[in-house]
Amino acid sequence: MAQITLKNVSKRFDDEYVVNNMNLTVKDGSFTVLVGPSGCGKSTTLRMIAGLEQVSEGEIWVDDECVNDVSPGKRDVAMVFQNYALYPTMTVKGNIEFGLTNKKVPKKERESLINDIASIVGLENHLYKKPQTLSGGQRQRVALARAMVKKPKVFILDEPLSNLDAKLRSQMRTELIQLHQRLGTTFIYVTHDQVEAMSMGDEIVLLNKGEIQQNDSPMNVYHYPVNVFSAEFIGTPAMNVFLMEKIMPYTSNIDKDAHYVGFRPEHAAILTTQPYEDSHCITLQGQLLTRETLGSETIYQIKHRAGNFTVKSFLPPLEENNKNVFVSIPYEKLYFFDENKEQDRDHHWKQASSLTVEGM
Amino acid sequence: MKSRLPINIINGAGMIIVVVLFLMPFVWMVSTSFKTLGETMTFPPVWFPDQFLWENFIKAWNSGPFLRYFFNSVVVTFGILVLQFCTIIPAAYAFARYTFKGDRFFFGLTMITLMIPPQLIFLPVYLQMSSWGLLDSLWALILPFASSAFGIFLLRQSFKQVPEELLEAARLDEASEGKIILKIMIPMAKPVLITFALFSFITHWNDYFWPLVMTTSDSARTLPLGISKLREVEGGVAWNILMAGNMILVIPILIVFFFAQRQIIRAFVYTGVK
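Please read these numbers as outputs of a predicted model, since none were measured by experiment. (Residues numbered from 1 in each chain as written. Chains lettered and ligands numbered in written order. Predicted model: local features only at pLDDT ≥ 70, side-chain atom pairs only at ≥ 80, totals over all residues.)

### Section: the overall build of chain A
Okay, step 1: The helix and strand inventory of chain A stands at 10 helices and 18 strands.
Okay, step 2: Within chain A, the fraction of its 360 residues that count as buried is 39%.
Okay, step 3: Long-range pairs, those at least 24 residues apart, make up 66% of the contacts in chain A with a sequence separation of at least 6. (Helix = DSSP H or I, 4+ residues; strand = E, 2+ residues; numbered from the N terminus. Buried ≥ 20, exposed ≤ 12 C-beta atoms within 10 Å, placed from the backbone. Contact = placed C-beta atoms within 7 Å.)

### What about the overall build of chain B?
Okay, step 1: Of the regular secondary structure elements, chain B holds 14 helices and zero strands.
Okay, step 2: Starting at the N terminus, the α and β elements of chain B follow one another as α-α-α-α-α-α-α-α-α-α-α-α-α-α.
Okay, step 3: The C-alpha radius of gyration computed for chain B amounts to 23 Å, which surpasses the reference 19 Å derived for 274 residues by more than 25%, pointing to a less compact arrangement than a globule.
Okay, step 4: Within chain B, the proportion of its 274 residues that are buried is 28%.
Okay, step 5: Contacts in chain B between residues at least 24 apart in sequence constitute 77% of all its contacts with a sequence separation of at least 6. (Rg over C-alpha atoms; globule rule 2.2 N^0.38 Å.)

### Comments concerning the nonpolar core
Okay, step 1: By size, the foremost hydrophobic cluster in this structure holds 113 residues, and its most contacted members are A:Ala145, A:Ile156, A:Ile188 and B:Leu155.
Okay, step 2: Taken domain by domain, this core gets at least three of its residues from each of domain 1 (4-228) and domain 2 (237-359) of chain A.
Okay, step 3: Filtering out sequence-adjacent residues up to four positions away, B:Leu155 remains in contact with B:Ile88, B:Ile89, B:Ala92, B:Ala189, B:Val192 and B:Phe196.
Okay, step 4: Counting 12 residues, the second-largest nonpolar core is a separate cluster that includes B:Ile80, B:Leu138, B:Leu141 and B:Phe145. (Core = buried A, V, L, I, M, F, W, Y, C linked by C-beta atoms within 7 Å. Domains from an automatic or database assignment.)

### Observations regarding the interface of chain B and chain A
Okay, step 1: Of the residues lining the interface, 14 residues belong to chain B; the matching set on chain A comes to 17 residues.
Okay, step 2: Contributing elements (two or more residues each) for the side of chain B that touches chain A: α9 (164-172) and α10 (177-188) of chain B.
Okay, step 3: Top contributing element to the side of chain B that touches chain A by residue count: α9(B), with six residues.

### A closer look at the environment of A:Phe314
Residues and elements named next belong to chain A.
Okay, step 1: Locating Phe-314 in the fold gives a position in the loop between β16 (309-313) and β17 (324-330).
Okay, step 2: Note: C-alpha distance between Phe-314 and Arg-47 (267 residues apart in sequence) is 41 Å.
Okay, step 3: Here Phe-314 is in contact with Ser-296 and Glu-297, once residues within four sequence places are set aside.

### Structural notes on the packing of helix α4 (residues 66-97) of chain B against helix α8 (residues 149-160) of chain B
Residue and element names in this part refer to chain B.
Okay, step 1: Contact geometry for α4 and α8: axes closest at 8 Å, N-to-C directions at 45°. Accordingly, the angle class assigned to the pair α4 and α8 is oblique. Judged by the sense of rotation from one axis to the other, the crossing of α4 with α8 is right-handed. Listed contacts from α8 to Gln-84, Ile-88, Ile-89, Ala-91, Ala-92, Tyr-93, Phe-95, Ala-96 and Arg-97 of α4 are Gly-151, Ile-152, Leu-155, Arg-156, Phe-159 and Lys-160. (Axes fitted to C-alpha atoms, helices over the stretch in contact; angles between N-to-C directions. Parallel < 35°, antiparallel > 145°, perpendicular 65-115°, else oblique. Left-handed = near helix turned anticlockwise from the far one by under 90°.)

### Re the sheet that holds strand β13 (residues 269-271) of chain A
Residue and element names in this part refer to chain A.
Okay, step 1: Ordered in space as β13-β17-β14-β15-β16, the five strands form an open sheet in which the pairing is antiparallel. Here the strands that pair on one side only, and so sit at the sheet edges, are β13 and β16. Strand-to-strand, the axes of this sheet are offset by a mean angle of 45°, without reference to chain direction.
Okay, step 2: Strand direction decides the pairing type here: β13 and β17, joined by three bridges, are antiparallel. Counterpart to Ile-270 in the pairing with β17 is Val-327. (Pairing = 2+ DSSP bridges.)

### Some details on the domain arrangement of chain A
Residues and elements named next belong to chain A.
Okay, step 1: Partitioning chain A into domains gives domain 1 (4-228) and domain 2 (237-359).
Okay, step 2: Listed per partner, the contact involves four residues of domain 1 and seven residues of domain 2.
Okay, step 3: Of the residues assigned to the side of domain 1 that touches domain 2, the class counts are three nonpolar, one polar and no charged. (Nonpolar A, V, L, I, M, F, W, Y, C, P; charged D, E, K, R; others polar.)

### Remarks on the pairing of strand β7 (residues 154-158) of chain A
All names here are of chain A.
Okay, step 1: Burial analysis of β7 places five of its five residues in the buried class, which makes it a mostly covered element.
Okay, step 2: Burial along β7 is two-sided: the face carrying Val-154, Ile-156 and Asp-158 and the face carrying Phe-155 and Leu-157 are both buried.
Okay, step 3: Strand direction decides the pairing type here: strand β6 (residues 77-80) and β7, joined by four bridges, are parallel. Across the sheet, Val-80 pairs through a bridge with Leu-157, a residue of β7.
Okay, step 4: In the sheet, β7 pairs with strand β8 (residues 186-191) via five bridges, with the strands oriented parallel. Each bridged residue has a counterpart across the sheet, and for Phe-155 the counterpart in β8 is Phe-187.
Okay, step 5: Crossover β7 to β8 through helix α5 (residues 166-183) is right-handed. (Right-handed = clockwise from strand over helix to strand, strands pointing away.)

### Some points on unusual backbone geometry
All names here are of chain A.
Okay, step 1: Residue Thr-236 is joined to Pro-237 through a cis peptide bond whose omega torsion reads -10°.
Okay, step 2: With respect to the secondary-structure elements, Pro-237 resides in the loop between α8 (228-233) and β11 (240-243).
Okay, step 3: If you check the backbone angles, Asn-8 has positive phi at about 45° while not being a glycine.
Okay, step 4: Here Asn-21, not a glycine, exhibits a phi torsion of approximately 45°, which is positive.
Okay, step 5: With respect to the helices and strands, Asn-21 occurs in strand β2 (residues 16-26).
Okay, step 6: The exposure class assigned to Asn-21 is partly exposed, which follows from the 15 C-beta atoms found within 10 Å.

Here you go:
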């Protein structure tokens, strides 16, 4: 178990910064998820922590040791690769055992460790098979077992579920969460899938263009996005963000300082009849463009003069297309961002608190 | 389905012709090695001798220090093979997996040596061996072939196909570079290594020119030279004995081929298997 600290870490390939002056603390025992679009530097960050990539500038600390010049094998980190990277010429047992043999763990101890791990991940009956003969899920387990058996301080997982089908993926997701609780080891997990990030992490590090956008718990990232990028990345469908001036004609109750305004699709209510004038809500009238029924919820695409936006509703789906609809959003659910696309926190809070007063 | 029949016949006939072309000299050699001298001279040639004369082999074997030749051939071919493995595996690994100053230049240099036939450089090598006092010894037959540009090239290609992630996983598993080569690279390149070993084995087992130049006494000569000596008998060539000698030369190759067959085929269909 260990805390990992990145101090002003940068990674350059030639003159291009892939990771730019990153400061990050991964708490001991946390399940930290690095998430971001492809090319945001999340994998590079991970590989630098693992020691597979040298840092260009800055320092990486594991507990109170600077590991910049420590070789990958000596860092006490174990990694699960996207393509599993199992040794094809070795059996499952050989794969799990390889790291232990290199650490010169005595044979007896190796045997018992391997048997323990195999029963944890359910591979007892496959120990003497070659990886090629296993299914995707089983290979995934071998990769996990190979990492776990070394009892590392830190687990590093690089998009480990992206090669699995949807059903297996959600199953493995639960298993990984349980595994983390059971081991209590620090997990660092990389993904581009915000659903994985939200559901698994207890700490989300949102990256874009090599810089940290937001670093907080999943619920805080969802409820208090610090900038437009964060607001649009977390949540499905993405938050609707408008230029303030486009929305101003439809409301009179908003402070004019903010530059952008947004709301989450699930915070809006969709109605077919004009609602009563309500000082707590902003109401937008638009046309229904498309409708996606997902069973428990329905996602509507709505055409509006200020721009198209989406609404998510948990009510029974509306039938007709091209119909005039009214969408109302409570003021307290609006998010405001300044011209740098950063959240205007004071502004937001002022608005929210004044509303509460009004409501009382 | 109907129209494919003539094509099949043509195909089959073509294959038979090729097989006959390649097999006939070989069969002739086998049958001659069992004939009496008289039978070798008859025309048209007899394919099945009346009697299988195993004595031909004994005669051939006893006509010179064949045990010595055989032993020398084994030492030379295996000595070369072991040295080649010791040099080409690390070299191929370095060329395939590292970037270092001048890597492309040195690889180019290695490739250029492929174009130089040994006959072209035997004189300087001869002088070098002579200055080291190694002429007329097995060292003169082994050392010049201690590495192989062809082997480096072949192995580098197959090392390049190993995914980088595997090496990274191994490094995280605290494996040293030596261990990575031994436990991951070599097992993965096994079919290619076996194929190369076979090439090398056949080339040096059958090599006639190099031992002829480098050695003068029987104590350092190899099988091909010994067999060519069978021709230098007085009163015409005893073809049956000569062919028996050739059989002695060829049989070890056949045995090796027999065991390596599957690996060779795998070496050439290995691409695509991940």
